[in-house]
Amino acid sequence: MQVTVIGTGYVGLVTAIGLADAKHDVVCVDLNKERMEQLSNGVAPITEEGIEGALQQNQSRLTFTTEYPVSDLYLVAVGTPERADGSCDLSAVEAVVKLIHSIQPHAAVVMKSTIPPGTTEKLQMAYPSLRFAMVPEFLREGTAIRDMRNPHRVIIGTHDQQLASDLTELFKTNAPIVHVDPTTAELTKYAANSFLAVKISFINEIARLADIVGADVEDVAHGIGLDPRIGPAFLKAGAGYGGSCFPKDIAALTTLAQQHGEHLHVIEAADRTNEAQLEYVLQKIAPKRGLRVALLGLAFKPGTDDLRDAPALRLAERLTKMGVIVTGYDPAAKTLLDQKDTIEEAVTGAEIAVIMTEWDEIKHVTPRRLTDNMKTARLIDGRNCWAFVEEPGNVQYEGIGRPNKTFSNNPTS
Ligand code: UDX
């Protein structure tokens, strides 16, 4: 099948590679000429495990261009950023659909961008000759190629039976395929991300209480996660979530509900708890003018150079405003902070080091590398990722909801 993918960000590019992997010919369209040239030469514009190999393997089936081709099937994967009022900015999606309609008024248009419930139905009404479907993505940055090849499920939202069957073939998988209407598909995506955010905020609240009562949140998470109704995933306490999806999607969903006079109390609370979690880390640092703090890990999570809504950057901004001298280290992400090339350089002269991203290198840094370089070796582990396989030396360690007695021999994952 010949497919056109509009937008070569995370979603568009990884989806295109997945389809090319499945032997489909894919034309990728993006306004960014430089990016298209890079991609034509097999160079990936994002840090993502396995992406360059996958690009090269599928070079013969992938075309990158700035021109819209005439096609029977377009996948729309352009950005849907957050507006100032929290709602979702659909202008790029609307412009793309208008253009597709002018080129091929009877094309099938599959929405991959995350769009608020009701959007696809509205577009269908505005362009009755186009045939719409909504197929949300569930790719995680850092493992996106793997996720594309082995999805947990594929949700196909359309009223068009023929399109539903073509898309079942296109996204062929051993995973369950769920057929629904477009609005249900759109809400499924938001519900998935909101639920994960709620899980994180839930365990973060338990962590704060654990600090008060002297319990260990890591053991609590393990204990509750063994119940299959709860499950162990997304119960890692820390400095809170960030990234291009959770904050934006939660804002879009809660704003949409409010516009209809409804409050999504649990989801709104997850967002507030996430803000409070960063304050909690700040409180542990006890910032004051002239204090020297090293932030270890800046990307919003390991395995990516993505800094969108990264908790480390939000923390750096708060600290800097309070007159704290901040240095940073990250193996992949590049920031405007006073960023150093090694952990040693970043912590040199610092009074407190704060782990904000659990990169392997940071997880396994030996206490010695801190004590030898820091002014006072105090470590705040904002990802609860340090495990003490050896004596902590003279490092004064503080996790989130982990009493100091947890200098254990059980490495956390
Ligand atoms: C997320 C969804 O997982 C994915 O399905 C969707 O398509 C896009 O949004 P992603 O943004 O790549 O993916 O990141 P994810 O791995 O979900 O992590 C989001 C944030 O939550 C990170 O900042 C991470 O550090 C934090 N997190 C995650 C926790 O604090 N604790 C956890 O237990 C898990």
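The structure displayed is predicted, hence computed values, not measured ones. The residue count restarts for each chain, going from 1 along the sequence in the order it is written. Two thresholds apply to this predicted model, a pLDDT of at least 70 for residue-level local features and 80 or more for giving and counting side-chain atom pairs, whereas whole-chain, interface and lining totals are computed over all residues. Heavy atoms from the whole structure form the basis of all side-chain values; hydrogens and water molecules are not counted.

Digging into the overall build of the chain
Secondary structure elements are taken from DSSP: a helix is a run of H or I of four residues or more, a strand is a run of E of two residues or more, and numbering for both begins at the N terminus. Each helix and strand counted, the chain has 15 helices and 14 strands in total. C-alpha atoms of the chain, sized along the principal axes, occupy 70 × 50 × 40 Å. For the chain, with 413 residues in total, the buried portion stands at 53%. Contacts: residue pairs with any heavy atoms within 4.5 Å of one another. A fraction of 69% describes how many contacts in the chain between residues 6 or more apart in sequence connect residues 24 or more apart. Surface summary for the chain: the accessible area is close to 18,700 Å², and the carbon and sulfur share equals 54%. The buried label goes to any residue with under 20% of its type's maximum accessible area, the exposed label to any with over 50%, and the partly exposed label to all in between, with areas taken from a 1.4 Å probe on protein chains only. Under the convention used here, a 1.4 Å probe and the Shrake-Rupley method define accessible areas, while residue burial counts only the protein chains that appear.

Some points on the site of the ligand
For each residue, the test is whether any non-hydrogen atom lies within 4 Å of the molecule or strand; if one does, the residue is near. What surrounds the ligand is a group of 19 residues, the closest being Leu139, Glu141, Lys236, Phe300 and Lys301. Polar contacts, as used here, are pairs of N or O atoms within 3.5 Å; protein pairs need one atom able to donate a hydrogen and one able to accept it. Residues neighboring in sequence count only if both atoms are side-chain atoms. Within the side chain of Lys189, a nitrogen or oxygen atom sits 3.2 Å from an oxygen atom of the ligand. Here Phe300 contributes a backbone N or O atom positioned 2.9 Å from an oxygen atom of the ligand. The protein chains hide 91% of the 680 Å² of surface that the ligand would expose on its own. Take the shell around the ligand: its biggest share by element is 4 residues, from helix 8 (residues 182-213). Grouping the constituent residues of the shell around the ligand by class yields 10 nonpolar, 2 polar and 7 charged. Bear in mind that the domain bounds are from an automatic or database domain assignment. Split by domain, the shell around the ligand shows at least three residues from each of two domains, domain 1 (2-180) and domain 2 (190-398). Residues are grouped as follows: Ala, Val, Leu, Ile, Met, Phe, Trp, Tyr, Cys and Pro are nonpolar; Asp, Glu, Lys and Arg are charged; all remaining types, including Gly, are polar.

Here we look at the layout of surface pockets
By volume, the second largest pocket is sized at about 270 Å³. Broken down by secondary-structure element, the contributors of at least two residues to the lining of the second largest pocket are helix 5 (119-126) and helix 10 (246-259). Among the residues making up the lining of the second largest pocket, the classes are represented as 8 nonpolar, 5 polar and 3 charged. Counting residues domain by domain, the lining of the second largest pocket receives three or more from each of domain 1 (2-180) and domain 2 (190-398). Here the term cavity refers to a set of points on a 1 Å grid, laid over the protein atoms alone, in which a 1.4 Å probe fits but cannot get out; the term pocket refers to an open set having protein on both sides within 12 Å along at least five of seven lines, with lining residues being those that place an atom within 4 Å of a point. Grid points are joined across faces, edges and corners, and a volume is the space filled by probe spheres set on the points.

Let's talk about the domain arrangement of the chain
Under the domain assignment used here, the chain contains domain 1 (2-180) and domain 2 (190-398). Between domain 1 and domain 2, the C-alpha centre-to-centre distance is 32 Å. Contacts between the two partners involve 18 residues from domain 1, matched on the other side by 19 residues from domain 2. As a working definition, buried area equals the accessible area (1.4 Å probe) given up by two parts on being put together, with both sides summed. Interface area for domain 1 against domain 2, summed over the two sides, is near 1,400 Å², with a carbon-plus-sulfur share of 53%. When a carboxyl oxygen of Asp or Glu is within 4 Å of a side-chain nitrogen of Lys or Arg, the pair counts as a salt bridge. At the surface where domain 1 touches domain 2, the tally comes to 1 salt bridge. Between Glu141 and Arg308 there is a salt bridge, with its nearest N and O atoms 3.5 Å apart. Looking at the side of domain 1 that touches domain 2 residue by residue, the classes come out as 7 nonpolar, 6 polar and 5 charged.

Section: the packing of helix 8 against helix 11 (residues 265-285)
For every element, the axis is a line fit to its C-alpha atoms; helices are fit only across the contacting stretch, and the angle between N-to-C directions ranges from 0 to 180 degrees. The contact between helix 8 and helix 11 brings their axes to 9 Å, and the two run at 45°. Viewed along their axes, helix 8 and helix 11 adopt a mutual orientation that is oblique. In the crossing of helix 8 with helix 11, the sense of the turn from one axis to the other is left-handed. Across the interface between the two elements, Ser194, Ala197, Val198, Ser201, Asn204, Glu205, Arg208 and Asp211 of helix 8 pack against Val266, Ile267, Ala270, Thr273, Asn274, Ala276, Gln277, Tyr280 and Lys284 of helix 11. When an angle is under 35 degrees it counts as roughly parallel; over 145 it counts as roughly antiparallel; between 65 and 115 it counts as roughly perpendicular; any other value is oblique. It is the rotation of the near helix from the far one that decides the hand of a crossing: anticlockwise by less than a right angle makes it left-handed, clockwise makes it right-handed.

Quick look at the packing of aromatic side chains
Any pair of Phe, Tyr and Trp rings, taking the six-membered ring for Trp, is counted once the centres come within 6.5 Å. Such a pair is stacked with planes under 30 degrees apart, edge-to-face with planes over 60 apart, and tilted for the rest. As enumerated under the stated definition, the model contains 3 aromatic pairs in all. Between Tyr241 and Phe246, the aromatic rings sit 5.7 Å apart at their centres with planes inclined by 80°, giving edge-to-face as the arrangement. An identical accessibility class is assigned to Tyr241 and Phe246; each is buried. When the centroid spacing of 6.1 Å and the interplanar angle of 10° are considered together, the rings of Trp386 and Tyr397 count as stacked. Within this pair, whereas Trp386 is found in the loop between strand 13 (378-381) and strand 14 (396-398), its partner Tyr397 is found in strand 14, the two being separated by 11 residues in sequence.

Brief notes about the sheet that holds strand 11 (residues 338-340)
The strand order across the open sheet built from 6 strands is 11-10-9-12-13-14, with neighbouring strands paired in parallel fashion. Looking at which strands have only one partner, the edges of the open sheet turn out to be strand 11 and strand 14. Recorded for the sheet is a direction-independent mean angle of 25° between the axes of neighbouring strands. Pairing geometry for strand 12 (residues 352-355) and strand 13, over 4 bridges, is parallel. Pairing between strands is defined by DSSP: at least two bridges between them are needed.

Notes on the nonpolar core
Nonpolar cores are built from buried Ala, Val, Leu, Ile, Met, Phe, Trp, Tyr and Cys residues. Side-chain atoms within 4.5 Å join them into one set. Counting 53 residues, the largest nonpolar core has Ile285, Val293, Leu295, Leu296, Leu315, Leu319 and Val354 as its most contacted members. Ranked by the residues each element gives to this core, the list is headed by helix 11, at 5 residues. Not counting residues within four places of it along the chain, the set of residues in contact with Leu315 comprises Leu278, Val281, Leu282, Ile285, Leu295, Val354 and Met356. Membership of the second largest hydrophobic core comes to 36 residues, among which are Tyr10, Leu75, Ala108 and Phe171.

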